[in-house]
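Tertiary structure, described
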Amino acid sequence: MLKSHYLKTIFLLLSSLGSLHSDANDNAPARLLEAFTVSIDSTIISATDIQTQKLHSSQLDSEVKTFATRINLASLIDTRKDYLTALAKQTTTHITLKQSQQNVRHLQNLQRENAVSTRKLLAQKNQLELDKANFDIARQQSDNIRLQAQSKWGKVLSHWFLTEPPPYTNMLSTLNKAVYLIYLPVPLISPMTKVSIHPYGLREQAQPASLISSAPIYSIQQQTGAPFFYLSDQAIDTYHQRVAVWLPLKTGKTSGFIIPASAIVWHLGQAYIYLQVDDEVFKRVKISRKKLLSSDSYFIQDSLQEGDILVSMGAQMLLSEEFRGQIPADDDDDDDD
């Protein structure tokens, strides 16, 4: 009989422990939710700088970020000088050639009238052949310079600097701006007429760059993708320094929310925002996908809902209050009288 009593007692104790364990598991999500929420009395909310706003979805053009390097045009300017010199020589030899042709025709007329010796006519014909050779050499030299420029700079830039007629509009505009070399990623080898560029990666301060043409592939700068020249007002002092470039995609727009930078708080390297879920209750939400639009705003793509109430000001105070509320109060050591 006593043994049966002991067995019943042990059974009841085990049942009680199982019930406690089950209750603990059932309350785990509630405790986890509570760990990421904070309750603030409405009077305190009114007395603080906590401000809220409704979230409204926005759409942003899809972009991909890459880099560019500014190209030094000094060698192209030197090539222009050599090309103009070669053209001047070609013009001179052409004038000499035309004069030799005229001299031969004149001596031929005189020789038919026996007014000049055959030896003199032959000497002039030899001079004509020499002048033809000099002209051909000069023309070949200018053609070689032009073809070499095209192999290094492409047809468009070469035309602007070598053969564009006065007033040299494109060349002068290029000299007043900056030329960048951009290797477009393999999936994007179709060039965009406009991209955005900034030397220090500040998207909100980026300026447009316009497509010039495809660029030859430089062996010392070989990158993955197809190279293109772009022209921009955004200049930097250092050549071949990498600068940030944003390439617009043709895949449509990205949906998300634009929020003020003051709404984001940081904890252990992770970004969070607070949403107001009740008059006095705020929930902390982790932000995984964000994009800096300007110094004052972010574009976020996390699982938020249209109409959610975002804490736009005072999020840092809520974070402090949340963690302060998780610290157990000190035991009252005062003895009762």
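As a reminder, the structure under discussion sits directly above these lines.
Residues numbered from 1 in each chain as written. Predicted model: local features only at pLDDT ≥ 70, side-chain atom pairs only at ≥ 80, totals over all residues. Heavy atoms only, no water.

All right, on to the overall build of the chain then. In terms of regular secondary structure, the chain is built from six helices and 14 strands. Counting across all 337 residues of the chain, residues that qualify as buried make up 32%. Counting only contacts in the chain whose residues sit at least 6 apart along the sequence, the fraction spanning at least 24 positions is 74%. (Helix = DSSP H or I, 4+ residues; strand = E, 2+ residues; numbered from the N terminus. Buried < 20%, exposed > 50% of the residue type's maximum accessible area, 1.4 Å probe, protein only. Contact = heavy atoms within 4.5 Å.)

One pass over the structure, following the stated rule, counts one aromatic pair. Ring geometry for W153 and F229: centres 6.2 Å apart, planes at 25°, overall stacked. In this pair, W153 sits in helix α4 (residues 118-163) while F229 sits in strand β7 (residues 226-232), placing the two residues 76 residues apart along the sequence. The burial state of W153 is the same as that of F229; both residues are buried. Above the face of the Y168 ring, R80 is positioned so that its terminal group lies 4.9 Å from the ring centre. Across the ring face of F67, the terminal group of R242 is positioned such that the distance to the ring centre comes to 3.8 Å. (Phe/Tyr/Trp six-rings, centres within 6.5 Å; stacked < 30°, edge-to-face > 60°. Lys NZ or Arg CZ within 6 Å of the ring centre and 35° of its normal.)

Let's shift gears to the nonpolar core. With 20 residues, the main nonpolar core has L76, W153, L157, F161, V179, I212 and F229 as its most contacted residues. At the level of secondary structure, the elements contributing two or more residues to this core comprise α3 (74-112), α4, β4 (178-184) and β7. Here this core gets seven residues from one element, more than from any other, and that element is α4. Membership of the second largest hydrophobic core comes to 16 residues, among which are A178, I236, V243 and L247. (Core = buried A, V, L, I, M, F, W, Y, C linked by side-chain atoms within 4.5 Å.)

Another aspect to go through is a nonpolar patch on the surface. Residues I77, L172 and L175 make up a contiguous nonpolar surface patch of about 240 Å² in total accessible area. With respect to the element layout, L175 can be found in helix α5 (residues 169-175). (Patch = residues over 30% accessible without salt bridge, like charges linked within 9 Å, V, L, I, M, F, W, Y side chains within 5 Å. Areas by Shrake-Rupley, 256 points an atom, 1.4 Å probe, with all protein chains shown as cover. Salt bridge = Lys/Arg side-chain N within 4 Å of Asp/Glu carboxyl O.)

What follows deals with the pattern of salt bridges. Pairs may arise between side chains of opposite charge once their charged atoms sit close together. Under the criterion given, the structure shown has eight salt bridges. K177 is paired through a salt bridge with D233; the nearest N and O atoms lie 3.9 Å apart. Taken together, the residues K177 in the loop between α5 and β4 and D233 in the loop between β7 and β8 (242-260) connect sequence positions 56 residues apart. The class of K177 is partly exposed, set by a relative accessible area of 30%. One salt-bridge network, in which partners are shared between bridges, spans E63, R203 and K291.

The N-to-C vectors of α3 and α4 enclose an angle of 155°; their axes lie 7 Å apart at closest approach. By the angle between their axes, α3 is roughly antiparallel relative to α4. The crossing of α3 and α4 is left-handed. (Axes fitted to C-alpha atoms, helices over the stretch in contact; angles between N-to-C directions. Parallel < 35°, antiparallel > 145°, perpendicular 65-115°, else oblique. Left-handed = near helix turned anticlockwise from the far one by under 90°.)

Time to look at the environment of D49. For D49, the location among the structural elements is in the loop between α2 (42-47) and β2 (51-54). Separated by 264 residues in the primary sequence, D49 and M313 place their C-alpha atoms 6.6 Å from one another. Other than its neighbours up to four places away in sequence, D49 contacts M313 and G314.

The next thing to look at is the side chain of R80. Following the sequence through the fold, R80 ends up in helix α3. For the buried residue R80, which engages in no salt bridge, the nearest side chain bearing the opposite charge is E164, 6.9 Å off. Not counting residues within four places of it along the chain, the set of residues in contact with R80 comprises F161, L162, Y168 and M171. (Lys, Arg positive; Asp, Glu negative; His and termini not counted.)

A cluster of acidic residues, D41, D278, D279 and E280, forms a negative patch on the protein surface. Relative to the helices and strands, D41 is located in the loop between β1 (37-39) and α2. Looking at D41, the relative accessible area reads 36%, which means it is partly exposed. (Charge placed at Lys NZ, Arg CZ, Asp CG, Glu CD.)

Our next topic: α4. Here α4 is 46 residues long, yet its end C-alpha atoms lie only 44 Å apart, well below the 68 Å a rise of 1.5 Å per residue gives. Along α4, the sharpest change in direction is near 120° and occurs at G154. (Expected span 1.5 Å × (residues − 1). Bend = angle between axes of the 7 residues up to and from the residue.)

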